[in-house]
Each structure stands twice: as structure tokens, then as C-alpha cells.
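# Secondary and tertiary structure notes
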Amino acid sequence: MGKTYERIDGRLRKFIEGQPVYFVATAPLAADGHVNVSPKGRSGTFTVIDELTVAYLDFGGSTAETIAHLRENGRITLMWCAFDGPPTVVRVHGRGEPVFRDDPRFAGLLGRFEPGADGSALRAIVLVKADRVSDSCGFAVPFMDYRADRALHEEYFDRKTDEEFGTYCEGKEHVATSIDGLPALPLPLPPRPA
């Protein structure tokens, strides 16, 4: 049976930090808006900051739906599934905010991640304050074996300068605004802090 927790610590923190993939869900306030679910998992790009605060690095890609939803309403849920070991699903429901490259907190937060995790195409750091932390059975979650991170994203964006990455973001249809027309990534993209 599922439980709720006062904080992210001990066994729960170890479980979260040990999963190679997790999922992030957000939605706009509009009843006809698009719900977004994104997989995350590049090694070293997630951290537990304290007992009720987590953060992950947000990299460029095809859209910026999560950023748009967080800017509008802050609601976010993160979910981890055990694909090996005991059958467990953990969810953190909370309030999130994107911390952009020109935010004075950006450099300090970046220092909380593993060295080298802030590779090319880093757009923001998503900071999440937990309102509810819970687990449930993962009896229906299949066993799967983790082999390695995919290097394609990193390799693709490593071939671009930061200026070229900014141009890439400006050329994508749903990076400055979400598919529902909400403000997403502020453009032009500020330079990365030194």
C-alpha cells in the first residue's frame, strides 16, 4: 500500500537518486490545454537539494512545454519507477520554477550538480519544492535493464557554439511559446554565466 512522506530522505532519497530515468508532468490552467509528460534521465542532471527541494537541468530540444506551464502556474509532478529491485513508484507533487541563465541563483544552483553534467544546450534549472511526497506499489511496472545513457543529444549540441544554440532555440516553433500559446523560454537566450 502507498504511503506519504514528510520529507525526501534516507531510503526514499536513495531510491530517487538511483533511478536512471524519471518523468515530469505539467499542464496549463486552461481546461482544453495540453498536458505534458517528459522523460528525463541524463546522468548527473538531477539533485536533491534538501528534504523538500529537488532540481534538474533543463536542456534544449523540440519544445519548452514544461517551462511554459511552470511560468503560468507552477504545478509539477515528478515520478520514478523501479525497473529492477522491489516494485516501487515514487511521486513528488510540488511547485516548480525555471531558473534561467541570467538569474542570480543560476550559478549557485548549477554547483549542486555533478561536475560536467551541465553540457551543451543547457537552458534552465528547474527547481521544485515538494508539497506531497508519496510512493505506491509498482506491481505492474515491468523489469527492464539499464545499459547506458544515450549520447546523441549531447553529441548533437556539442557541435554547436552557445550562440548557435541560441539561434537553434529561436528557430524552433514551440520554444518561445508553448503549443497552447503560453510564454515559454525567454528569447534571445541569455549567455551562460562564466
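By convention here, each chain's residues receive numbers from 1 onward along its written sequence. Per-residue local features of the predicted model are confined to residues with pLDDT of at least 70, and side-chain atom pairs are confined, for both listing and counting, to 80 or more; whole-chain, interface and lining totals are unaffected and use all residues. Side-chain measures were taken over the full set of non-hydrogen atoms in the model, leaving aside hydrogen atoms and water.

### Some details on the side chain of Asn36
- Secondary structure elements follow DSSP: runs of H or I of four or more residues count as helices, runs of E of two or more count as strands, with numbering from the N terminus. Along the polypeptide, Asn36 turns up in strand S3 (residues 36–40).
- When accessible area is computed with a 1.4 Å probe and restricted to protein chains, residues below 20% of their type maximum are described as buried, those above 50% as exposed, and intermediate ones as partly exposed. Judged by its relative accessible area of 14%, Asn36 falls in the buried class.
- Counting of polar contacts relies on pairs of N or O atoms within 3.5 Å, with two restrictions inside protein: one atom must be capable of donating a hydrogen and the other of accepting it, and residues adjacent in sequence are counted only when both atoms are side-chain atoms. Reaching out from Asn36, the side chain makes a polar contact with the side chain of Thr66 at a distance of 3.3 Å.
- Note on contacts: a residue pair qualifies if any of its non-hydrogen atoms lie within 4.5 Å across the two residues. Discounting chain neighbours no more than four positions away, the residues touching Asn36 are Val24, Ala25, Thr26, Glu65, Thr66 and His69.

### A few points about helix H1 (residues 10–18)
- Every buried residue belonging to H1 is among Leu12, Phe15 and Ile16, and all of these are buried. Projected onto a plane normal to the axis of H1, the buried residues spread over an arc of 95° and lie on a single side. Exposed positions of H1 whose direction lies more than 90 degrees from the buried face are Gly10, Arg11, Lys14 and Gly18. For this quantity, the arc is that covered by the directions from the helix axis to the C-beta atoms.

### Digging into the pairing of strand S5 (residues 53–59)
- Among the seven residues of S5, seven are classified as buried, and the element is accordingly described as predominantly covered.
- Bridging between strand S4 (residues 46–50) and S5 involves four bridges; their strand directions are antiparallel. Residue pairing in the sheet places Asp50 in a bridge with Thr53 of S5.
- Here the rule is simple: two strands pair whenever DSSP picks up at least two bridges between them. In this sheet, strand S8 (residues 122–137) lies alongside S5 in antiparallel orientation, the contact comprising seven bridges. Bridge pairing in S8 links Phe59 to Leu122.

### Some points on the nonpolar core
- Counting 28 residues, the largest nonpolar core has Leu57, Ile125, Phe165, Cys169 and Leu185 as the members making the most contacts within it.
- Looking at this core, the elements with two or more residues in it are S5, helix H2 (65–72), strand S7 (88–100), helix H3 (106–110), S8 and helix H5 (162–171).
- If one sorts the elements of this core by residue count, S8 sits on top with four residues.
- Those residues in contact with Ile125, other than ones at most four positions away along the chain, are Ala55, Tyr56, Leu57, Glu97, Pro98, Val99, Phe106, Leu109, Leu110 and Phe113.
- Core analysis: the second largest hydrophobic core is formed by 21 residues, Phe15, Ile16, Leu78 and Val90 among them. Side-chain atoms within 4.5 Å link the members of a nonpolar core, which is a set of buried Ala, Val, Leu, Ile, Met, Phe, Trp, Tyr and Cys residues.

### Here's the deal with the environment of Pro142
- Turning to its location among the elements, Pro142 is positioned in the loop between S8 and helix H4 (152–158).
- Taking the C-alpha atoms as reference points, Pro142 and Ala82, 60 residues apart in sequence, are found 8.6 Å from one another.
- Sequence-distant contacts of Pro142, defined by excluding residues within four places in its chain, comprise Ala82 and Phe83.

### Here we look at the state of the cysteines
- Two cysteine sulfurs form a disulfide in these notes if their separation is within 2.5 Å. All told, the structure shown has zero disulfides when counted by the stated rule.
- Looking at the unpaired Cys81, the closest cysteine sulfur is the one in Cys137, lying at 11 Å.
- Using a relative accessible area of 8% as the deciding quantity, one classes Cys81 as buried.

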